[in-house]
Structure formats: structure tokens, C-alpha cells
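# Chain and residue survey
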Amino acid sequence: MNFAMIFRILGWMMMFEAAFMAPSGVAALVYREKAGMWLAISMVICLAAGGLMILISRPKVRRIYAREGSVICALVWFLYSIFGALPFRLSGAIPDMFDAVFETASGFTTTGASILSDVEALPHCLLFWRSFTHWVGGMGILVFVMAIIPLAAGGSTMFLMKAESPGPSVKKMVPKAGQTASILYRMYFVLTAMEMVLLVVFRMPVFDALCLTFGTAGTGGFAVLNSGLAGYTIAQQVIITVFMILFGTNFSAYYLVMTGRIREIPKISEVVTYYGIITAAIIMITVNVHGMYSNIGIAIKDAAFQVGSIITTTGYSTADFNLWPAFSKWILILLMFCGACAGSTGGGIKVSRIQVAVKTVIKELDNAIHPNNVRKIKYDGKVLEHSVLRGINVFIVAYFLTMALSILLITFDNFDLETNFTAVVATLNNIGPGLSKVGPTANYSGYSTFSTCVLIFDMIAGRLEILPVLVLFSVHTWKDGGLFSGRGKARHRVGEADEALLDEGF
């Protein structure tokens, strides 16, 4: 294990967290808020911690591999959640440290689950920081930094990108991972700016437009009003609906637009399926709930908003879907599991994994009927290798085991099954609101400290898609005789093999 490189990268990431707090400090100056002092102190603490890590690290080899990439990625997200909670805790806005970490982890992981019952009581600078964590975490903390500075030698940064990026595949758009990160963030900036401008044009207050755009771009869900998004105009809600869905789309489609290959977009089956699921869900929910609304237009608007919010795991709400019929609520629960596209800012299992899982079931049924048939699973015209199918199967098993164990652990708080089940599903899939006592008009403040820690773990594990976090708890990760114990030739060969898989896009 290359501990020196781990400390070096963690140190740089802490320095960047201090920089990420700076815009919130500007908001404190604009609104003349004393809470800005605590932001400044938090920035100094992050800088000191980061500087110390860089100072004590003296890496002789600057190349890292898959396992170290997973360790770094997981540790970064836990550290960001803890140190990012300092402004809330030091200012007294959230007196309990565990609650503060929950709120911050929910921000960075773009979950949008909250323990706050009165968000409007927070000063503007902390509201800004709370929403800005969505924007930073949406595309990925490490991806952002890789777009600016090289963190490791050679192609090593691809292992960081693979560990952090959502979905079953991370494909290089260009030969170098840093350039890929830069392209991703350029697209991210453009979409963010477009939504921000449109909301302001349609007369949303600038501060609200900024915070809600951060939440939409990162598919988070923190609102700045206690009423959520119900108090905004229909036009503003429609704009947010459209951009939630756009940010849940595989960014490869936007890269095709950038390179003038628009005609190839329909060939991305995940994108086609994603929009098909959204359309079908909106129609079914509208038919089911239209009797609860004064006119069909409002019913369609609310159905589209909640479908877009849930499938992209954004978590905003314009209606209390706790009051909807069981049929509509079950559709929303299914969308929670489904999630958005791979290569987007959304969470969930991802449409592409579900597509492959369905293809696998069909193949096994066909083999049961025709045992002598040899049938390969294809995706977008390419035959999927066994390693890809194995990776997807392992993720699904780890996902449901984590979910089951988490539900079991939080049952000690004696909430009803609907509350506990949807609380875990909503945090593990980075959605935010669940049903019953954690519904869109409620929050997570009723859970004990132990359950809060379980849900914090779920949010980070869900954002990193389980395995990078579980690597931290594997004894083989830290054994001296392991993969990274200094056996250079073997280690180099494994690194090359892993990188070859990445070049294939999986």
C-alpha cells in the first residue's frame, strides 16, 4: 500500500475543501453574517490538516492502482463529510456533531436528506454552503480536482475516477483521464449556467436560483424554503423538472453533441430506456392521481416533477406524495431503485445495470429451454465480457445485503417498516425523502445517533456504489503481503490489466 501517496492526495483534497468553502464566505460578506467567521475558521482547520498531510508524505513512487484508488476515494468522502460539518457545528446552527455530519454527507453525496425542521432559520452563508456541497459532489470531488491538477503519475488518476464515478462503466472520452475530467466539468458548467440563467429570467430570486441550481445539477435536494419547491411558480418548477432529467442523462450523450455526432445518441440504449421509463411513469401516475387535482395540467406537472426528482435521485418535491394512492407511491419506490443513467450525476442502481440484469435473466431462461444454445449478452452492439457481468452481479448482491443489514440495524429505533425501509432506500440511493415519517414534509431528526451513523454510511456507500467503501473494511486491503506490498512487477501487471478494462469502458 502506497501510504505516502494516499496521504499526499488526501492532503490536497483537504486544501481544496477549504477552497470550496470560499464562495460561502463571500455570501457571508454580502449578507453581513457573523456565521462567516466560523466558515473562515473551518477553512483554516482544513488548510492546516491538508498541509500537515502533504508535509508528512514523501512518496517515492507516485503511481497508484485500483485498490489504493478505492481507499483514497472512500476516505476523501468521509473526511469531507466530517470537516465540511464544522461550519454547522461551530456556528451552533446544528448543535449535534453527528447531525452536522449527516447534513454534510447528505450534501456531498447529493442525497438531500435533512435533519433540519426549519431551514429558513439558517444564515444565507450556511444555506449556500449546504447547497454548494451538492454541486461539488454531483460530478465528483476527485473528478473536479483531476480536471485542475494531476494527482498521480501516469494513468493512475483513472483509478480514482473509476472509484468515484457513478455507474458500471467509466470510459475515457479522450486518452488522458485528466482531459476526460475537464470535458465532463465543462459540460457540467454549461448545463449549470443554463439553468441558473433561465431561473433568474423567470424571476426567481438570485440566491434561491443559485442554491436550487446547485441542487438540480448535483441531483441533490436541499431547498432554501420550508415549503420545499411548492412555493415557486409553475414555470420555475417546469425548468427545474427539465434540468433534473437532463442531469440524470448519461453525459456521453452530451459529448456526442459537443463532437457533432448527434445522430449517434439514439444508439445509446441506456438513454433511450431512461426517457422511456420516465414517460411511462408520468403517464401512469397522472392517470392514478388526476382525481386529486383541479385540472389535468397540474396533475401532469406534479407527476412529471416527482418522477424526474425520484428517478434522478434529486429529491425535490412540489407535492406531498405521501398522500398519493398506493399505486403511485409504489411506482416512485421502484424509481428509487432504478435511478438515473450511468455517467450522470444521479444515484440508484442505474438504468444500464437493470438492462444488463434483464438481459441476463432472459439468457438464463433461454438456456433452461435450449441448453445447447450458446448465447452472448450484448449491450449497445458489444458483447459483454464475463468480468463485466461479474462486476454487475457483485454490485447488486452487495447493494441488497447492505440495504437489508441497514434496515435491520435502524429497527432498534422502533419506527414503522415503511419509514425504515424507505429511509434506507432513500439514503442508499441518494434520493432524500422517503415515505411516512421521513416523507417530503418530514425529516430524519427522529433517528438515534446510532441510526444516524448507519444512514451516513449508506449515503456515502451509495454514492460510491458500495465496493470502494467496503474495501476499507477488507483485511486484504491492509495486509503487508497484499497486492501493494512492494511486489513491483506483479503490481505493475495487475495495474495494466485493470487499465485495459477501463479503456474498454468497464
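Everything below is about the structure printed above this text.
Residues numbered from 1 in each chain as written. Predicted model: local features only at pLDDT ≥ 70, side-chain atom pairs only at ≥ 80, totals over all residues. Heavy atoms only, no water.

### A few points about the overall build of the protein
In terms of helices and strands, the protein carries 22 helices and two strands. Of all 506 residues assigned to the protein, the portion counted as buried reaches 57%. Look at the contacts in the protein between residues 6 or more apart in sequence, and 72% of them connect residues 24 or more apart. Looking at the protein as shown, the accessible area adds up to about 20,800 Å², and 67% of this sits on carbon and sulfur atoms. (Helix = DSSP H or I, 4+ residues; strand = E, 2+ residues; numbered from the N terminus. Buried < 20%, exposed > 50% of the residue type's maximum accessible area, 1.4 Å probe, protein only. Contact = heavy atoms within 4.5 Å. Areas by Shrake-Rupley, 256 points an atom, 1.4 Å probe, with all protein chains shown as cover.)

### Some details on empty space enclosed by the protein
Tallied over the full model, the rule gives two cavities of 30 Å³ or more. In this structure, the second largest cavity occupies an estimated 40 Å³ of space. Elements represented by at least two residues in the lining of the second largest cavity include exactly helix H17 (386-410) and helix H19 (449-463). Among the residues forming the lining of the second largest cavity, the class breakdown is six nonpolar, three polar and one charged. (1 Å grid on protein atoms, 1.4 Å probe; cavity = no way out; pocket = protein on both sides within 12 Å on 5 of 7 lines; lining within 4 Å. Points joined across faces, edges and corners; volume = space filled by probe spheres on them. Nonpolar A, V, L, I, M, F, W, Y, C, P; charged D, E, K, R; others polar.)

### Some details on the packing of helix H1 (residues 3-31) against helix H3 (residues 66-84)
Their axes nearest at 10 Å, the elements H1 and H3 cross at an angle of 35 degrees. You can see that H1 and H3 cross each other, and the crossing is right-handed. Residues Ile6, Ile9, Leu10, Met13, Met14, Phe16, Glu17, Phe20 and Met21 of H1 touch H3, and the partners they reach there are Val71, Ile72, Leu75, Val76, Leu79, Tyr80, Phe83 and Gly84. In the contact of H1 with H3, the residues fall into 15 nonpolar, one polar and one charged. (Axes fitted to C-alpha atoms, helices over the stretch in contact; angles between N-to-C directions. Left-handed = near helix turned anticlockwise from the far one by under 90°.)

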